Amino acid sequence: MKKNILIVDDDKDISELIAVYLKSEDYYVDKACSGLEALQLIKENNFDLVILDIMMPKMDGLETLIHIRKDFNMPIIFLTAKNQEIDLIRGLSLGADDYISKPFSSMELIARVKAQLRRYTIFNNLDNNDISIGELVLSLDMHRVTVAGKEVKLTPTEYKILELFCRNKNIVFSVEQIYENIWRDKFAVGDTSIMVHITKLRQKIEKDPKNPEYIKTVWGVGYKI
C-alpha cells in the first residue's frame, strides 16, 4: 500500500521540491502552507508521515506539533535551519521523530523518510493489509478491528460496513449504496437495517457515539468515514 505523506511549509518552492523527491519514490503527497491547514488535512485524511517546517507565520511548527500529538502518532520529521538548534531540541522533546537541516539532498530526505516509515510500521505491527485511520485500525487479513490498541468485537455485517467505509475514505455512501454493497441485493425503500447497524457500530468504535469521530453523517446524503 502506497504511503501518504504531508508536507507542511509556507515556502512553496521548498514544498514543491520535496514533493518531487517523494513522488519519484512513489509516495502519495499532500501539501499545506500553514499549521492550521495542516491540522485540518490531518483530521480529514490518513497520513503515514508528516514533514513539518519549524519557522512558519501565525502557528509555527512547534505549536503545530503539539496539536498533532494530542490525537495522532504518525512519524514527524522537522525541517530546520542551522541556527534553530534550540527549537530543534524542544521539537524533539515535544514528540518529533527526526529532523532535516536546510539545505538538504534528495538522498538524505528519502533515507530519513524511509527509516521513519519502517520504524513506525514495525512499532505498530502494521502490514500492507492494515488500514489505519486515527486510532482505528482495520486488519483485513485477520478481520480484526482495534481502537486505541483495544480489540473491538464486530458482527460480520458491522465489519463489512466498516471495511466498505475504510477502503473508501471520505467517499459518501447513501443508505441504498451501502445496502447493495453489503447484501448484493436491491434496496427496499423504507428498510432501516443499515441505520441500525451504523448505530451499533458507532457504539462500539466511537468514544462518544452521539458525536462520532469516525463515521460521519452527511445530512440528506448518507455516511462516510
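Keep in mind that this is a model prediction, so the values were computed, not measured.

Grouped together as the largest cluster of nonpolar side chains are 28 residues, with contacts concentrated most on Leu-162, Phe-165 and Ile-178. Those elements giving two or more residues to this core turn out to be strand S6 (130–133), strand S7 (136–139), strand S8 (144–147), helix H6 (156–167), helix H7 (175–183) and helix H8 (193–205). Tallying contributions element by element places H6 first for this core, with six residues. Beyond its immediate stretch of four places on either side in the chain, Phe-165 contacts Phe-173, Ile-178, Ile-198, Ile-215, Tyr-223 and Ile-225. Residues Leu-6, Val-8, Met-59 and Phe-72 belong to the second largest nonpolar core, which totals 21 residues.

Turning our eyes to something else, we now look at unusual backbone geometry. Residue Pro-103 follows Lys-102 across a cis peptide bond; omega there is -5 degrees. The residue Pro-103 is located in the loop between strand S5 (98–101) and helix H5 (106–124) in this model. Phi at Asp-26 is positive, roughly 70 degrees, even though this residue is not glycine. Looking at the secondary structure, you find Asp-26 in the loop between helix H1 (12–24) and strand S2 (28–32). Not every positive phi belongs to a glycine, and Asn-170 is a case in point at roughly 70 degrees. If you trace the backbone, Asn-170 turns up in the loop between H6 and H7. Owing to a relative accessible area of 32%, Asn-170 belongs among the partly exposed residues under this scheme.

Looking at the assigned domains, one finds that the protein chain contains domain 1 (4–125) and domain 2 (130–224). Every contact between the two is made by five residues of domain 1 and, on the other side, six residues of domain 2. Summed over both sides, the interface between domain 1 and domain 2 buries roughly 440 Å², with carbon and sulfur atoms accounting for 30% of that surface. Between the two partners, domain 1 and domain 2, sit zero salt bridges. There are two residue pairs in polar contact (both at pLDDT 80 or more) connecting domain 1 and domain 2. Among the residues making up the side of domain 1 that touches domain 2, the classes are represented as one nonpolar, three polar and one charged.

Here S7 pairs with S8 via four bridges, running antiparallel. Following the sheet pairing, Leu-138 is matched in S8 by Val-145. The antiparallel hairpin formed by S7 and S8 contains four residues in its connecting segment, where His-143 sits at a positive phi of about 50 degrees. Sheet topology places S8 next to strand S9 (residues 150–152); three bridges connect them, and they run antiparallel. Across the sheet, the residue bridging to Val-147 is Lys-150, located in S9. Hairpin connection, S8 to S9: the antiparallel pair is bridged by two residues, and Ala-148 has positive phi, about 55 degrees.

Time to look at the sheet that holds S9. If you walk across this open sheet you meet the four strands as S6-S7-S8-S9, and the pairing is antiparallel. Looking at which strands have only one partner, the edges of the open sheet turn out to be S6 and S9. The average angle at which neighbouring strand axes cross in this sheet is 25 degrees, direction not considered. Each of S6, S7 and S8 is contacted by H6, which is oriented at about 105 degrees to S7, the strand it contacts most.

Overall, parallel pairing links the five strands, which are arranged S2-S1-S3-S4-S5 in an open sheet. Only two strands of the sheet have a single neighbouring strand rather than two, namely S2 and S5. Strand-to-strand twist in this sheet, taken as the mean axis angle between neighbours without regard to direction, amounts to 20 degrees. By the bridge criterion, four bridges tie strand S3 (residues 49–53) to strand S4 (residues 76–80) in an arrangement that is parallel.

The rules behind these values
Residues numbered from 1 in each chain as written. Predicted model: local features only at pLDDT ≥ 70, side-chain atom pairs only at ≥ 80, totals over all residues. Heavy atoms only, no water. Core = buried A, V, L, I, M, F, W, Y, C linked by side-chain atoms within 4.5 Å. Buried < 20%, exposed > 50% of the residue type's maximum accessible area, 1.4 Å probe, protein only. Helix = DSSP H or I, 4+ residues; strand = E, 2+ residues; numbered from the N terminus. Contact = heavy atoms within 4.5 Å. Domains from an automatic or database assignment. Buried area = accessible area lost by both parts, 1.4 Å probe. Salt bridge = Lys/Arg side-chain N within 4 Å of Asp/Glu carboxyl O. Polar contact = N/O pair within 3.5 Å; in protein donor to acceptor, adjacent residues only side chain to side chain. Nonpolar A, V, L, I, M, F, W, Y, C, P; charged D, E, K, R; others polar. Pairing = 2+ DSSP bridges. Axes fitted to C-alpha atoms, helices over the stretch in contact; angles between N-to-C directions.

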